[in-house]
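An overview of the molecular structure
Each chain, letter by letter, is given below.
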Amino acid sequence: MVYSILKCPVCNSEYDINRNNYLCDKCGNILDVIQKGLDNFELSDYAGVWKYKNLVHPGIEDKYIITRREGNTNLYKNFKISDYSGIKNIFLKHEGENPTGSFKDRGMTVAVSEAMRLGFKKTLCASTGNTSAAAASYSSFAGIDSYVLIPEGKISKNKLFQAVSYGANIVNINGDFDTAMADLRETLKKRNDFYVLNSLNPWRIEGQKTIIFEIMEKLEPDFISFPAGNLGNTSAFGKALMELKAMGKIKKIPELIAIQAEGASPFYDYINNRRDNIIPVKARTVASAIQIGNPVNFKKAKRSIDFTHGIVEKVSDDEIIDAKKIIDRSGIGCEPASAASLAGVKKLRENNIIDKNDAVVSILTGNILKDLDMNLSYNAMNINDILF
Ligand code: F0G
């Protein structure tokens, strides 16, 4: 029988899943969900995330599952993307196609289902926008209340619009995302009636692993790139590859490429300058989704980079905007943070770290309509310009 436990990745202490605390009692680190008794990859009848139920939450009864059919997103190949990056075999996996327009839905379906299983009536998250939209949607869909901590004035209006419309209780935080995250951690210490939906909840990580499962079913890439902020995806992707390898499902392990914005790159510094600890920064970038200076998942994320011999790169805001224009004008489109995926790969190709014949998957984390604060300037024509 396959079942899940919680385990500390640092001191290996083990815990039952029926507790509302995802920090290790002994050393304070963020716990992992570990699937026990898993030696094969049995797929279920669901589509998307829950197709991989056995690898995500094998023990949960169907009656608790809150799903909006997230996952099962498309992989795109387009000549403009190949020309721009200098890589022939580059594919874009579009997580903006999820129900609320970002990859967060994959983690949220698992975490909110777990909130139902544990009997919670309230959820809580801090967010740069997308997590709040997904948390609000899935909580409301389940019939429970969501509370979202928002760094006031620092998230896209479109994402805030989603959270408000889906019915979240909005808590304005005077500060940035890192302040909101610190406030959330304080709240969790004092209250036990909120179920946390940030990626410090390890069930979020379990859901986000399915991005990698879907890619690896279709391709054998050399590299997988993605924007990195709070490092939930970086943690999830390495864990997914570790599990596939342990089950003998893959031979070659793709290298993970985590891309940060230059003005919000503490993980780049931590890995490339071999620091013992993350050094928090005051984050500044046009890509508000990844404007994070003190990422909570840095230890699990380092494990992922180590396991895949991966790379952490950083790109400027200009490089992000430039790449976004190409993605948008290829007809695919994405939000600003997502474009860091392509900007970083282009930079690594130019520096000969990626070869033009390598196979690369770049993950677009959010939809083109997610952030309209960026300049919308264009020269409109008049009907006579095209009639004559
Ligand atoms: N891309 C987008 C569009 C995001 O919204 C986020 C994170 C990331 C990339 C970074 O992913 O945190 O797993 O490294 N957004 C969070 C939020 C922080 O609150 O919506 P990560």
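Residues numbered from 1 in each chain as written. Predicted model: local features only at pLDDT ≥ 70, side-chain atom pairs only at ≥ 80, totals over all residues. Heavy atoms only, no water.

The next point concerns the packing of aromatic side chains. Under the counting rule described, the total for this entry stands at eight aromatic pairs. Between Phe 120 and Tyr 195, the ring centres sit 5.1 Å apart and the planes meet at 45°, which makes this aromatic pair tilted. In this pair, Phe 120 sits in the loop between helix H3 (104-118) and strand S6 (122-126) while Tyr 195 sits in strand S9 (residues 194-196), placing the two residues 75 residues apart along the sequence. Tyr 195 carries the same exposure label as Phe 120, and that label is buried. With a centroid separation of 5.2 Å and an interplanar angle of 90°, the aromatic rings of Tyr 270 and Phe 298 are classed as edge-to-face. One end of the pair, Tyr 270, is in helix H10 (residues 266-272); the other, Phe 298, is in helix H11 (residues 298-308), and 28 residues separate them in sequence. We note that Tyr 270, like Phe 298, is buried. Each residue in the set Tyr 22, Phe 120 and Tyr 195 is aromatic and connected to the rest through ring pairs, giving one cluster. Looking at Arg 19, its charged tip hangs above the ring of Tyr 15, at a distance of 4.1 Å from the centre. Seen from the ring of Phe 194, Lys 122 lies directly overhead, with NZ or CZ sitting 5.1 Å from the centre. (Phe/Tyr/Trp six-rings, centres within 6.5 Å; stacked < 30°, edge-to-face > 60°. Helix = DSSP H or I, 4+ residues; strand = E, 2+ residues; numbered from the N terminus. Buried < 20%, exposed > 50% of the residue type's maximum accessible area, 1.4 Å probe, protein only. Lys NZ or Arg CZ within 6 Å of the ring centre and 35° of its normal.)

A few words now on the site of the ligand. Lining the immediate environment of the ligand, one finds 19 residues, of which Ser 127, Thr 128, Asn 130, Gly 229 and Thr 365 sit closest. Between an oxygen atom of the ligand and a main-chain N or O atom of Gly 229, the distance comes to 2.7 Å. Asn 233 places a main-chain nitrogen or oxygen 2.9 Å from an oxygen atom of the ligand. Mapped by element, the contributors of at least two residues to the shell around the ligand are helix H4 (130-142) and helix H9 (232-246). Residues of the shell around the ligand, tallied by class, amount to seven nonpolar, ten polar and two charged. (Near = heavy atom within 4 Å. Polar contact = N/O pair within 3.5 Å; in protein donor to acceptor, adjacent residues only side chain to side chain. Nonpolar A, V, L, I, M, F, W, Y, C, P; charged D, E, K, R; others polar.)

Tracing the backbone shows Arg 106 in helix H3. There is a polar contact of 3.0 Å between the side chain of Arg 106 and the side chain of Thr 210.

Here we come to the sheet that holds strand S8 (residues 169-173). On the basis of which strands lie adjacent, the open sheet formed by four strands has the order S8-S7-S6-S9 and parallel pairing. Looking at strand neighbours, the two that pair on one side only are S8 and S9, the edges of this open sheet. Averaged over all neighbouring strand pairs, the angle between strand axes comes to 25°, with direction disregarded. With respect to the sheet, helix H6 (residues 177-190) is in contact with S6, strand S7 (145-151), S8 and S9, its orientation differing from that of S6 by roughly 145°. (Pairing = 2+ DSSP bridges. Axes fitted to C-alpha atoms, helices over the stretch in contact; angles between N-to-C directions. Contact = heavy atoms within 4.5 Å.)

This next bit is on the environment of Val 281. Among the secondary structure elements, Val 281 is positioned in the loop between H10 and H11. Placed 15 residues apart in sequence, Val 281 and Pro 266 show a C-alpha to C-alpha distance of 6.5 Å. Setting aside chain neighbours within four positions, we find Val 281 in contact with Asp 178, Pro 266 and Gly 293.

Take a nonpolar patch on the surface next. A contiguous nonpolar surface patch, about 660 Å² in accessible area, is contributed by Met 381, Ile 383, Ile 386, Leu 387 and Phe 388. Tracing the backbone shows Ile 386 in helix H14 (residues 383-387). (Patch = residues over 30% accessible without salt bridge, like charges linked within 9 Å, V, L, I, M, F, W, Y side chains within 5 Å. Areas by Shrake-Rupley, 256 points an atom, 1.4 Å probe, with all protein chains shown as cover. Salt bridge = Lys/Arg side-chain N within 4 Å of Asp/Glu carboxyl O.)

Segmenting the chain into domains produces domain 1 (3-62 + 103-202) and domain 2 (75-101 + 203-370). Summarising the inter-unit geometry, the C-alpha centres of domain 1 and domain 2 are found 21 Å apart. Contacts between the two partners involve 57 residues from domain 1 and, on the opposite side, 43 residues from domain 2. Of all residues in domain 1, Phe 103, Arg 106 and Ser 199 give up the largest surface area on contact with domain 2, accounting jointly for 20% of the area buried on that side. With a closest N to O distance of 2.7 Å, Glu 95 and Arg 106 form a salt bridge. Here domain 1 and domain 2 share 31 residue pairs in polar contact (both at pLDDT 80 or more) between them. Those elements that place two or more of their residues in the side of domain 1 that touches domain 2 are strand S3 (32-36), helix H1 (53-56), H3, H4, helix H5 (157-165) and H6. Among the elements that line the side of domain 1 that touches domain 2, the one with the most residues is H3, at eight residues. (Domains from an automatic or database assignment. Buried area = accessible area lost by both parts, 1.4 Å probe.)

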